[in-house]
Amino acid sequence: MLFTLFAFILALGLLVTFHELGHYWVARRCGVRILRFSVGFGPVLLRRHDRRGTEWAVSAIPLGGYVKMLDDAPPGADAATRRAAFNAQPLSRRVAVVAAGPLANLLLAAVIYTLLGLWGTQEPAAILAAPAAGTPAAQAGLQAGDRLTAVDGRAVASWTQARWQLLEPLAGGGQVTLSAQTPQHAVRQATLQLSSHDFGPDGPDPLAQAGLALQAPRAVIGTVNADGVARQAGLQAGDVVLAAGGQEGPSVQAFVRIVQEHPGQPLALRVQRQSAALDLTLTPAAVDDAGRTVGRIGALIEARQPLVLVRLGPLESLWSGARRTWDTSLFTVRMMGRMVAGAVSWRNISGPVTIAEYAGQTARLGLEAYLSFLALISISIGVLNLLPIPMLDGGHLLFYLIEALRGGRPVSDRVRDLGSRVGMGLVFSLMFLALFNDFSRLFR
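Being a predicted model, the structure only gives us computed values, none of them experimental.

Attention now goes to the overall build of the protein. Assigned secondary structure in the protein consists of 13 helices and 16 strands. Computed over C-alpha atoms, the radius of gyration of the protein comes to 29 Å, more than 25% over the 22 Å expected from 2.2 N^0.38 for 444 residues, which places it beyond the range of a compact globule. For the protein, the residues scored as buried account for 41% of the 444 residues in total. Taking the contacts inside the protein whose residues are at least 6 apart along the sequence as the reference set, 63% of them involve residues at least 24 apart. For the protein, the separation between the mean place of its 39 positive charges and that of its 30 negative charges on side chains is 8 Å.

This is the structure we're talking about:
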């Protein structure tokens, strides 16, 4: 629990602070006076002032931060102070300062994805399980062992990349063309006709409904007992089970079941040892297990998922990071639009409880997974803040757009006040809905 809480606070603190750094950096270069930059909210614990008069503070509640600017010069202020007030800036500078926060979040995501591409990540190979009968994948002719290589002409190197490329066609429906390599190294082209899916958090996996599922981990021989029948049959640690009892590529569960069902009976076995395939005969020992006779071979059985190292060059990583950030942003906006239209469930909106849970889960998986989580949440923060809702950065940008269309005449204080009230109502409604969804999942 404490680990999850720490991972959540670290993630939210970093992302919101980076957002505020975007506002700060552009405001400083536009000549706006910054009164305070606070990491955290609430009572100030530590503070110092720089030579420009900005107070740098660390506050008690470590959930983000804020930048306090000089909005309006006080009565009787000198010319320099009046020029440094935010509201005295030209429209273009005010737009730049407000937009800088969300854009900083999007830039951070692109940088994280670029670094992950340079560093390289171990990801599951996109090898398919047998598609269920009647699913689009089965109707298109895909088979067990096919390895996806492209989605609609865009190359994919792993299952993670394939899932991402399939999100958009699964959400909106329509045709998608898959390229795959068969186990015999032939090329297979398959066109799937997909219906639109609701990505509800409690609903079925849309990929599984389309017949696209990752091949189960292969059964691998682990530690072999010195006096067990596995050693007598010639099995060694690291042997990959290719076939057992006539079943090709059995999963760990399937292989254990086959062994248990053949006590004292010869069992044909094919294994892969390094690059060679070996045919062996294994006779499981008959043992008593709670009143029934089952087979045992005297060896541990482990699961091995084929992995690929996805690593890109500098320019390719940079392009991939920017493209993935752009694609994720567009997908987020489309999903929001589908929610408004009623095509996607509002249960997809998650609040701090769900985000904290994912923060803890990804942090336990390792640095790569946690960084990917940070990039995704950073994009969400950036896109959310660009929505044209008063109280958010996008709401301010909307007022500035109206000001530009009115020939430089600002929106009246009355309209701003009304917009702020409406925006506050929308924001609090979304927060309530997110918390309601969080606790509904928690207590379901």
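Past the structure itself, the notes keep going.
Now for the layout of surface pockets. The volume enclosed by the second largest pocket comes to roughly 630 Å³. Looking at the second largest pocket, it is lined by 22 residues, and the ones nearest its centre are Ile127, Gly145, Pro183, Gln215 and Arg218.

Our focus in this paragraph is the sheet that holds strand β7 (residues 187–194). Across the sheet, which stays open at both edges, the 4 strands sit in the order β5-β4-β6-β7 with antiparallel pairing between neighbours. Of all the strands in the sheet, the pair left with one neighbour each is β5 (154–155) and β7. Examined bridge by bridge, strand β6 (residues 174–181) and β7 share 8 bridges and lie antiparallel to one another. Residue pairing in the sheet places Ser179 in a bridge with Gln189 of β7.

Looking now at the environment of Phe86. Its place among the elements puts Phe86 in the loop between α2 (79–84) and α3 (91–119). Looking at Phe86, the relative accessible area reads 8%, which means it is buried. When sequence neighbours within four positions are dropped, the list of residues in contact with Phe86 reads Val32, Met69, Leu70, Asp71, Arg94, Val97, Val98 and Tyr400.

Here we come to the pattern of salt bridges. What the rule picks out here adds up to 11 salt bridges. Here Glu55 makes a salt bridge to Arg47, at a shortest N to O gap of 3.3 Å. Note that Asp289 is salt-bridged to Arg296, the shortest N-O span being 3.6 Å. Three or more residues are tied together by salt bridges with common partners; here these are Arg36, Arg47 and Glu55.

Turning our eyes to something else, we now look at the confidence of the model for the protein. Counting all residues, the mean pLDDT for the protein is 87, and 97% of those residues have values of 70 or more. When mean pLDDT is taken per element in the protein, α3 scores highest with 95 and helix α10 (residues 352–365) scores lowest with 81.

Turning our attention to the pairing of strand β11 (residues 267–273). As defined by bridge partners, strand β9 (residues 240–244) adjoins β11 across 4 bridges and the pair is classed as antiparallel. Note on β11: the bridge partner recorded for Val240 is Gln272. Summarising the sheet, β11 and strand β12 (residues 276–282) pair through 7 bridges and their orientation is antiparallel. Pairing of Val271 across the sheet is with Leu278, part of β12.

Let us look at unusual backbone geometry. Here Asp152, not a glycine, exhibits a phi torsion of approximately 50°, which is positive. Mapping Asp152 onto the fold places it in the loop between β4 (147–151) and β5.

Time to look at the packing of aromatic side chains. For the coordinates displayed, the defined rule picks out 6 aromatic pairs. Aromatic side chains Phe41 and Tyr66 sit 5.8 Å apart centroid to centroid with 20° between the ring planes, which places their arrangement in the stacked category. Of this pair, Phe41 sits in strand β1 (residues 34–49) while Tyr66 is found in strand β2 (residues 55–69), placing the two residues 25 residues apart along the sequence. The exposure class of Tyr66 is partly exposed, given its relative accessible area of 21%.

Taking 1.5 Å as the rise per residue, helix α5 (residues 159–172) with 14 residues should run 20 Å; its terminal C-alpha atoms sit 20 Å apart, in good agreement. Taken residue by residue, α5 has Trp159, Ala162, Gln165, Leu166, Leu167, Pro169, Leu170 and Ala171 as its buried positions. Where α5 terminates, the next one or two residues include Gly173, which has phi positive at roughly 80°.

Glancing now at a nonpolar patch on the surface. A cluster of nonpolar side chains, namely Val39, Leu45, Leu46 and Val58, defines an oily patch on the protein surface of about 360 Å² accessible area. Here the nonpolar patch gets 3 residues from one element, more than from any other, and that element is β1. Looking at the element boundaries, Leu45 is found in strand β1. You can call Leu45 exposed: its relative accessible area is 56%.

What follows deals with the packing of helix α1 (residues 2–29) against α3. Two elements in contact, α1 and α3, have axes separated by 7 Å at closest approach and are oriented at 135°. Taken together, the axes of α1 and α3 lie oblique to each other. When you trace α1 past α3, the crossing you get is right-handed. In contact with Leu15, Phe18, His19, Gly22, His23, Val26 and Ala27 of α1, α3 contributes Ala96, Val97, Val98, Ala100, Gly101, Pro102, Ala104, Asn105 and Leu108. Residues belonging to the contact of α1 with α3 are distributed by class as follows: 11 nonpolar, 5 polar and no charged.

Position of Ser329 among the secondary structure elements: in helix α9 (residues 314–341). For Ser329, the contacting residues outside a window of four places in its chain are Leu106, Ile379 and Val383.

With that out of the way, let us pick up α9. The terminal C-alpha atoms of α9 lie 41 Å apart, and with 28 residues this matches the ideal 40 Å at 1.5 Å per residue to within 8%. Where α9 is buried, its residues meet α3, α5 and α11 (367–385). Just downstream of α9 lies Gly342, where phi reads positive at about 85°.

Cut-offs applied
Residues numbered from 1 in each chain as written. Predicted model: local features only at pLDDT ≥ 70, side-chain atom pairs only at ≥ 80, totals over all residues. Heavy atoms only, no water. Helix = DSSP H or I, 4+ residues; strand = E, 2+ residues; numbered from the N terminus. Rg over C-alpha atoms; globule rule 2.2 N^0.38 Å. Buried < 20%, exposed > 50% of the residue type's maximum accessible area, 1.4 Å probe, protein only. Contact = heavy atoms within 4.5 Å. Lys, Arg positive; Asp, Glu negative; His and termini not counted. Charge placed at Lys NZ, Arg CZ, Asp CG, Glu CD. 1 Å grid on protein atoms, 1.4 Å probe; cavity = no way out; pocket = protein on both sides within 12 Å on 5 of 7 lines; lining within 4 Å. Points joined across faces, edges and corners; volume = space filled by probe spheres on them. Pairing = 2+ DSSP bridges. Salt bridge = Lys/Arg side-chain N within 4 Å of Asp/Glu carboxyl O. pLDDT = per-residue confidence, 0-100. Phe/Tyr/Trp six-rings, centres within 6.5 Å; stacked < 30°, edge-to-face > 60°. Expected span 1.5 Å × (residues − 1). Patch = residues over 30% accessible without salt bridge, like charges linked within 9 Å, V, L, I, M, F, W, Y side chains within 5 Å. Areas by Shrake-Rupley, 256 points an atom, 1.4 Å probe, with all protein chains shown as cover. Axes fitted to C-alpha atoms, helices over the stretch in contact; angles between N-to-C directions. Parallel < 35°, antiparallel > 145°, perpendicular 65-115°, else oblique. Left-handed = near helix turned anticlockwise from the far one by under 90°. Nonpolar A, V, L, I, M, F, W, Y, C, P; charged D, E, K, R; others polar.

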